[in-house]
Amino acid sequence: VMTEPELVVVQVSENVTDHIGMRTEDVLTRPLSALFDPSAVEAVRTALGGGPTERANAIRIVTSGKPFDAIVHRHEGAAILELEPASAVSAADMEHHPLRQTLIRVQDVGTVRELANIVVEEVKRMTGFDRVMFYRFNEVGDGSVDAESVAPGLEPYLGLHYPASDIPQQARQLYLKNSFRIIVDARYKPARIVPTLRPDTGAPLDLSFAVLRSVSPIHLEYMANMGVRASMSISLIVRERLWGLISCAN
């Protein structure tokens with residue numbers, strides 16, 4: 001978490017040592033330029049230049065010889081940089097557009113059902129999830145699985161219906177605020193934010209729009225009960241109402 005425009009680090013996750021080899025106390029209160037290569041700092045500044053409403057502007061940076069996937073966003077006056085170790089990717093791979101085939105197929109659809117079937121097939125192809133569902137809500141909030149692409153041997157959920165109570169109103173509001181949620185590994189070890197409270201406001205850091213944030217222990221228990229270790233959801237919002245979800249599970 002950084003101040004602007006100086007990009008001085010004011011909060012950091014306690015596992016920072018595992019990734020850049022520096023202790024939390026050595027990172028806090030230092031400018032990003034003292035921690036990262038100049039090209040990495042410039043990439044972060046450029047991403048932040050997208051404006052306060054710009055979110056999830058993924059960039060690739062290399063620091064201390066290590067490649068990272070990075071996402072930068074602003075929220076409530078804080079500039080938040082998330083880093084995840086990345087494998088080396090060739091320039092050719094970076095230039096390949098993973099949506100090209102999907103967009104060509106979408107242009108030829110005539111019904112919502114056709115669109116739903118293409119979406120689940122293409123999302124499964126691009127992500128490698130075992131199960132991808134097109135989950136639609138009706139007028140009273142009940143849900144149904146209208147399309148599905150599932151790995152062989154798994155029980156199909158196509159056509160199943162679920163009561164509105166399965167997704168509480170609080171969760172639905174989060175789906176409206178942040179249309180992309182991913183849990184890479186439900187057995188992850190949480191890492192605390194240090195210090196716990198923001199030095200400038202004295203309030204907890206709001207990670208609503210952070211991709212790598214921890215999730216509710218209740219939701220993790222829900223995933224375990226379903227035999228799911230990784231998940232991803234993409235909100236489908238129509239006229240400012242949560243119309244459905246693209247729901248993925250592994």
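Residues numbered from 1 in each chain as written. Predicted model: local features only at pLDDT ≥ 70, side-chain atom pairs only at ≥ 80, totals over all residues. Heavy atoms only, no water.

S.K.: Which parts of the structure should I look at to understand the pattern of salt bridges?
M.R.: Note that side chains of opposite charge can pair when their charged atoms are close. For the structure shown, the criterion picks out 10 salt bridges. Linking E4 and R74 is a salt bridge whose minimum nitrogen-to-oxygen distance equals 2.8 Å. Highlighted residues: E4 in the segment before β1 (12–13) and R74 in strand β3 (residues 66–75), separated in sequence by 70 residues. The salt bridge involving R23 is made with E25; its shortest N-O contact spans 3.4 Å. (Salt bridge = Lys/Arg side-chain N within 4 Å of Asp/Glu carboxyl O. Helix = DSSP H or I, 4+ residues; strand = E, 2+ residues; numbered from the N terminus.)

S.K.: Help me understand the side chain of E82 in this model?
M.R.: On the secondary structure map, E82 appears in strand β4 (residues 78–85). R213 is the oppositely charged side chain nearest to the buried, salt-bridge-free E82, at an N-O distance of 8.2 Å. Separated by 2.9 Å, the side chain of E82 and the backbone nitrogen of V211 make a polar contact. Engagement of the side chain of E82 in a polar contact is seen with the backbone nitrogen of L212, the distance being 2.6 Å. (Buried < 20%, exposed > 50% of the residue type's maximum accessible area, 1.4 Å probe, protein only. Lys, Arg positive; Asp, Glu negative; His and termini not counted. Polar contact = N/O pair within 3.5 Å; in protein donor to acceptor, adjacent residues only side chain to side chain.)

S.K.: What am I meant to see in the sheet that holds strand β2 (residues 59–63) here?
M.R.: Sheet strands pair via backbone hydrogen bonds, and the direction of the pair is either parallel or antiparallel. Within the open sheet, the 3 strands sit side by side as β2-β3-β4. Their pairing is antiparallel. Every other strand in the sheet has two partners, leaving β2 and β4 as the edge strands with one partner each. Direction aside, neighbouring strands of the sheet carry axes that sit 40° apart on average. Pairing analysis gives 5 bridges linking β2 to β3, with the strands arranged antiparallel. Across the sheet, V62 pairs through a bridge with P67, a residue of β3. Sitting on the sheet, helix α3 (residues 38–48) touches β2, β3 and β4, and the angle it makes with β2 is about 155°. (Pairing = 2+ DSSP bridges. Axes fitted to C-alpha atoms, helices over the stretch in contact; angles between N-to-C directions. Contact = heavy atoms within 4.5 Å.)

S.K.: What exactly am I supposed to notice about α3 here?
M.R.: Three- or four-residue spacings in an α-helix give side chains the same orientation, since the helix completes a turn every 3.6 residues. For α3, the full list of buried residues reads A40, V41, V44, A47 and L48. Seen along its axis, α3 keeps its buried residues to an arc of 125°; they face one direction. Within α3, the exposed residues directed more than 90 degrees away from the buried face are P38, S39 and T46. Tucked into the core, α3 has its buried residues touching β2, β3 and β4. (Arc of directions from axis to C-beta.)

S.K.: Please explain the environment of V27 as it appears in this structure.
M.R.: Among the secondary structure elements, V27 is positioned in helix α2 (residues 24–27). Using a relative accessible area of 3% as the deciding quantity, one classes V27 as buried. Along the sequence, V27 and V228 sit 201 residues apart, while their C-alpha atoms lie 36 Å from each other. The residues touching V27, leaving out its near neighbours within four places in the chain, are V9, V12, V16, I20, M22 and L35.

S.K.: What should I look at first to understand the nonpolar core in this one?
M.R.: Within soluble globular proteins, side chains that are nonpolar generally end up buried alongside one another. The biggest cluster of nonpolar side chains holds 24 residues, and the ones touching the most others in it are M2, V9, V27, L32, F36 and V44. If you list the elements that add at least two residues to this core, you get α1 (16–20), α3, β2, β3 and β4. The element contributing the most residues to this core is α3, with 5 residues. V44 has contacts with M2, L7, L32, I59, V72 and L81, leaving out every residue within four places of it along the chain. Counting 13 residues, the second-largest nonpolar core is a separate cluster that includes V119, V132, A147 and M232. (Core = buried A, V, L, I, M, F, W, Y, C linked by side-chain atoms within 4.5 Å.)

S.K.: Can you walk me through the packing of aromatic side chains in this structure?
M.R.: Aromatic ring pairs are reported here in terms of the distance separating the ring centres and the angle at which the planes meet. Counting across every chain of the model gives 3 aromatic pairs. For the ring pair Y135 and F137, a centre distance of 5.3 Å and an interplane angle of 80° mean the geometry is edge-to-face. By the burial criterion, Y135 is buried, and F137 matches it. Relative to Y162, the ring of Y135 lies with its centre 5.9 Å away and its plane at 40°, an arrangement referred to as tilted. Highlighted residues: Y135 in strand β5 (residues 131–137) and Y162 in strand β7 (residues 161–162), separated in sequence by 27 residues. Assessed through its relative accessible area of 23%, Y162 is described here as partly exposed. Ring pairs connect the aromatic residues Y135, F137 and Y162, which therefore count as one cluster. The aromatic ring of Y157 is capped on one face by R131, whose charged end is 3.7 Å from the ring centroid. Across from the ring centre of F137, 4.6 Å away, lies the NZ or CZ of R172, which sits over that ring. (Phe/Tyr/Trp six-rings, centres within 6.5 Å; stacked < 30°, edge-to-face > 60°. Lys NZ or Arg CZ within 6 Å of the ring centre and 35° of its normal.)

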